[in-house]
Amino acid sequence: MADLAEGLAAFLSKEWDRPVEITGLAASSAGARRANVAFDADDGRLVHPLVATIVPTAAIQLNPIGAEAAVRTLARDHGVPVPEVVGWSEDESWVGGPFFLSERVDGETVPRQVLRLVDQQGIGDLVAHQLGQAMGRLHSIDPAVAPPRLLDLGAGAPAERALAGLEAAMGTLLEPRPALSLGLKWLERHLPPAPPTSTIVHTDIRTGNLIVGADGLRAVLDWEGARRGGDPMEDVAWMTLRMWRFRNDDREIGGLAGRPPFLEGYGVGGGEWHEERCRWWKVYGTLKWGLGLAAQAAGHLDGSFRSIIMAASGRRVPEMEWDLLMLIKPGR
Amino acid sequence: MKYRPTDEELLDAIAELLENQVLGAIPPALQHQVRVAANLSRILQRQTALEPAASRAEAGRLAALLEMGGEDLPALRAELDRRIRAGDGALDEAAVWAALVATARDDLASAKPGYDAWEGE
């Protein structure tokens, strides 16, 4: 941690062109992929509460860190609540990996604590509305102004491209899972029309990637998977999946609220809801997560990521099979 | 021929140890993993009791659906999977769905009791 403080101090001193002292360094959360470290930066005039998001190595990045910083700034400039990025570097010598620094926003992020706060304050509908509005604003950004290096999965209909990815992932299952195959078949038979315009999509907006305070939604986090050329309904549908409801099953929007306040906010933000496409992406997201859990179990078994948590993911596949089956009920 | 404790009783003992003694004595960074391990012991404990009957029921359902013999469950699953993927028009879609729902319910009875109470979207 001493090295980290020195690296951050050196970077910010150069960036701000005055001596900066780092205090109160504390790992706030260490995901498998990247570390978030909270700290205060004292520039002699002001103390700035910041967070450093550090990727252990550039090799595991989805987006280059500069593109992630740029898409966050772009979204923020369009009224999406995102903590302001105050600096970034892809030079691994500062802190041992690519990183960006952003303002530290207070509030709850852990899902159960978010949902408890929302209940205590009675702000579930408000947060869902704000979230819808934030997403509507994100999806209204002209794709032509997307950061040049932002992930672009290529031309073609987003749904067809996404389906091809799932078909490939199905091939890596260690045992046949007929329920997942039935889901895949449903997706093939119900391919939706392409969106009128493809947009920038975040790809992981859910309870757990939000900062919520007593006054409502404060920030949308974790932009590492953002990309261009997406169907905005992919983001919207991801937010409606049962796995982000944390037992509040009757509140479709991340356990926060039902659909109406979210949809209203989405429209106010400039988003265009499309039921058929949303439905398709909801089935897609459920199957994708089921295959993701299966891949975690496989990673444990083949030794690439030995972990009891990854092993346990294999026993969570039936949850996704259940959700999938409920979504594709015949004659519905 | 095993003596007591039974498999279930041993899995219960492992879960109890992890939940009641180990969890309070280890650094916070390890607690999530140990909770997950304790939960896996509970899953296996339930599965030990439930799986034999669940497997027989699944084999019976799939054999009826596929008009095959009902001995070899992995082969039945693989055949159903193959026919679903092939888009076999002879399969009764509603019957396939119902059979898979029943299997998912049985899997969840071990892995996550109560998860199937919500039948909405």
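Reading the values: the criteria
Residues numbered from 1 in each chain as written. Chains lettered and ligands numbered in written order. Predicted model: local features only at pLDDT ≥ 70, side-chain atom pairs only at ≥ 80, totals over all residues. Heavy atoms only, no water. Helix = DSSP H or I, 4+ residues; strand = E, 2+ residues; numbered from the N terminus. Rg over C-alpha atoms; globule rule 2.2 N^0.38 Å. Buried < 20%, exposed > 50% of the residue type's maximum accessible area, 1.4 Å probe, protein only. Contact = heavy atoms within 4.5 Å. Areas by Shrake-Rupley, 256 points an atom, 1.4 Å probe, with all protein chains shown as cover. Lys, Arg positive; Asp, Glu negative; His and termini not counted. Charge placed at Lys NZ, Arg CZ, Asp CG, Glu CD. Salt bridge = Lys/Arg side-chain N within 4 Å of Asp/Glu carboxyl O. 1 Å grid on protein atoms, 1.4 Å probe; cavity = no way out; pocket = protein on both sides within 12 Å on 5 of 7 lines; lining within 4 Å. Points joined across faces, edges and corners; volume = space filled by probe spheres on them. Nonpolar A, V, L, I, M, F, W, Y, C, P; charged D, E, K, R; others polar. Polar contact = N/O pair within 3.5 Å; in protein donor to acceptor, adjacent residues only side chain to side chain. Pairing = 2+ DSSP bridges.

1. Notes on the overall build of chain B
Across its full length, chain B holds 4 helices and 0 strands. Along chain B, helices (α) and strands (β) appear in the sequence α-α-α-α when read from the amino end. For 121 residues, the compact-globule formula gives about 14 Å, and the C-alpha radius of gyration of chain B, at 19 Å, lies well above that figure. For chain B, the proportion of its 121 residues judged to be buried stands at 33%. Considering only contacts within chain B whose residues lie at least 6 apart along the sequence, 42% involve residues at least 24 apart. When the accessible surface of chain B is totalled, it reaches about 7200 Å², and 56% of it is carbon and sulfur. Within chain B, the 21 negative side-chain charges are centred at a point lying 4 Å from the centre of the 13 positive side-chain charges.

2. Section: the overall build of chain A
In terms of helices and strands, chain A carries 11 helices and 9 strands. Rg of the C-alpha trace for chain A: 20 Å, near the compact-globule value of 20 Å for 332 residues, within the 12% margin. In terms of its C-alpha atoms, chain A occupies a principal-axis envelope of roughly 65 × 50 × 40 Å. By residue count, 53% of the 332 residues in chain A fall in the buried class. Taking all contacts inside chain A whose residues are at least 6 apart in sequence as the whole, residues at least 24 apart take part in 70%. Of the roughly 13800 Å² of accessible surface on chain A, a fraction of 51% belongs to carbon and sulfur atoms.

3. Section: the side chain of Arg72 of chain A
Within the secondary structure, Arg72 of chain A is located in helix 2 (residues 65–77). An unpaired buried charge is present at Arg72 of chain A: no salt bridge exists, and Glu68 of chain A, the closest side chain of opposite charge, is 4.4 Å distant.

4. With respect to empty space enclosed by the protein
Considering all chains together, one arrives at 2 cavities of 30 Å³ or more under this definition. There is about 70 Å³ of room inside the largest cavity. What lines the largest cavity is simply Leu241, Arg242, Met243, Arg245, Lys282, Thr286, Asp323 and Leu327 of chain A together with Trp118, Gly120 and Glu121 of chain B. When contributions to the lining of the largest cavity are tallied by element, the ones reaching two or more residues are helix 9 (275–301) and helix 11 (317–327) of chain A. In terms of residue class, the lining of the largest cavity is built from 4 nonpolar, 2 polar and 5 charged. In this structure, the second largest cavity occupies an estimated 40 Å³ of space. Every element with two or more residues in the lining of the second largest cavity is listed here: helix 7 (232–239) and helix 9 of chain A. With 4 residues, helix 9 of chain A is the single largest residue contributor to the lining of the second largest cavity. Along the lines of polarity and charge, the residues of the lining of the second largest cavity split into 3 nonpolar, 2 polar and 2 charged.

5. A few points about the side chain of Asn63 of chain A
Residue and element names in this part refer to chain A. With respect to the helices and strands, the residue Asn63 is situated in the loop between strand 3 (47–54) and helix 2. Among the polar contacts made by the side chain of Asn63, one reaches the main-chain amide nitrogen of Leu151 at a distance of 2.7 Å. Within polar-contact distance, the side chain of Asn63 engages the backbone oxygen of Glu224 at 3.1 Å. Discounting residues that sit within four places of it in the chain, Asn63 has contacts with Glu68, Arg149, Leu150, Leu151, Trp223, Glu224, Gly225 and Ala226.

6. Structural notes on the interface of chain B and chain A
Contact with chain B, which involves 34 residues of that partner, is made by 33 residues of chain A. One can count 12 residue pairs in polar contact (both at pLDDT 80 or more) joining chain B with chain A. Mapped by element, the contributors of at least two residues to the side of chain B that touches chain A are helix 2 (28–66), helix 3 (73–85) and helix 4 (93–111) of chain B. For the side of chain B that touches chain A, the class distribution of residues is 19 nonpolar, 5 polar and 10 charged.

7. Description of the pairing of strand 8 (residues 216–220) of chain A
Residues and elements named next belong to chain A. Where burial is concerned, most of strand 8 is hidden: 4 out of the 5 residues are buried. Of the pairings in the sheet, the one linking strand 7 (residues 210–213) to strand 8 comprises 4 bridges and is antiparallel in character. Looking at strand 8, one finds that Leu210 is bridged to Val220.

8. Structural notes on the environment of Ser93 of chain A
Residues and elements named next belong to chain A. Of note, Ser93 is situated in the loop between strand 4 (85–89) and strand 5 (99–103). Judged by relative accessible area, Ser93 falls into the exposed class, the value being 60%. Taking C-alpha positions, Ser93 is 8.2 Å from Gly7, a pair spaced 86 residues apart along the chain. Within the local environment of Ser93, its side chain forms a polar contact with the side chain of Asp91, the two groups lying 2.7 Å apart.

9. Here we look at unusual backbone geometry
In this structure, the amide linkage connecting Arg4 of chain B to the following residue, Pro5 of chain B, adopts the cis form with an omega of 0 degrees. Locating Pro5 of chain B in the fold gives a position in the segment before helix 1 (7–22). Phi at Asp17 of chain A is positive, roughly 60 degrees, even though this residue is not glycine. Note that Asp17 of chain A resides in the loop between helix 1 (2–16) and strand 1 (21–30). Classification of Asp17 of chain A by relative accessible area gives exposed; the value is 69%. The backbone phi angle of Thr203 of chain A is positive, close to 75 degrees, even though this residue is not glycine. Mapped onto the elements, Thr203 of chain A comes out in the loop between strand 6 (199–201) and strand 7.

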